[in-house]
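An overview of the molecular structure
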Amino acid sequence: MQPEAEDNESQAIPPSCPVWCVGHDTDVPDGTDDHVHEATPALVPCIALECSTDDAGSIQRHPAAVELSLVRYQYRTGDDTWLYIGDGSRCLDISLESARRLVRALGRYIDDER
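These notes cover the structure that comes with them. Keep in mind it's a predicted model, so treat the numbers as computed, not measured.

Counting secondary structure elements, the chain contains one helix and six strands. Across the 114 residues of the chain, 20% fall into the buried class. Counted over contacts in the chain with a minimum sequence separation of 6, partners at least 24 positions apart contribute 27%. Total accessible area on the chain is roughly 9300 Å²; 52% of this is exposed by carbon and sulfur atoms.

Laid out in structure tokens, this is it:
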């Protein structure tokens with residue numbers, strides 16, 4: 001017999017969840033139970049090039065600090081696992097295989113800069 005978990009401990013992940021799931025239920029307006037398996041986010045500080053238009057209509061480019069969230073997720077009714085990369089105002093949702101290809105391509109670009 002195992003001791004009962006204290007109130008401040010996280011509850012056990014249901015057996016239907018992947019091991020990386022922290023158990024997140026989406027609050028959808030129609031009330032359906034659309035469970036999303038979601039991993040703990042990784043936050044990555046980055047510098048992004050932002051563009052704006054000045055009063056004269058010229059495009060201005062300037063570096064800006066952003067914090068990107070990386071979140072692995074999977075819909076309960078789907079087999080595909082996705083990776084969210086975004087800062088809350090912009091995002092990209094790609095498959096894990098696409099993420100692997102992206103990592104390889106980024107590695108080549110980084111190696112070219114050395």
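What follows is about the pattern of salt bridges. Under the defined criterion, the tally for this structure stands at five salt bridges. Ionic pairing is found between Arg90 and Asp87, a salt bridge with its closest N-O pair at 3.2 Å. By relative accessible area, which is 41% here, Arg90 ends up partly exposed. In this structure, Glu97 and Arg104 form a salt bridge, with 3.8 Å as the shortest nitrogen-oxygen distance. Classification of Glu97 as partly exposed rests on a relative accessible area of 36%. Residue classification places Arg104 among the partly exposed positions, given a relative accessible area of 44%.

About the thresholds
Residues numbered from 1 in each chain as written. Predicted model: local features only at pLDDT ≥ 70, side-chain atom pairs only at ≥ 80, totals over all residues. Heavy atoms only, no water. Helix = DSSP H or I, 4+ residues; strand = E, 2+ residues; numbered from the N terminus. Buried < 20%, exposed > 50% of the residue type's maximum accessible area, 1.4 Å probe, protein only. Contact = heavy atoms within 4.5 Å. Areas by Shrake-Rupley, 256 points an atom, 1.4 Å probe, with all protein chains shown as cover. Salt bridge = Lys/Arg side-chain N within 4 Å of Asp/Glu carboxyl O.

Remember that the coordinates give geometry; whether it matters functionally is a separate question.
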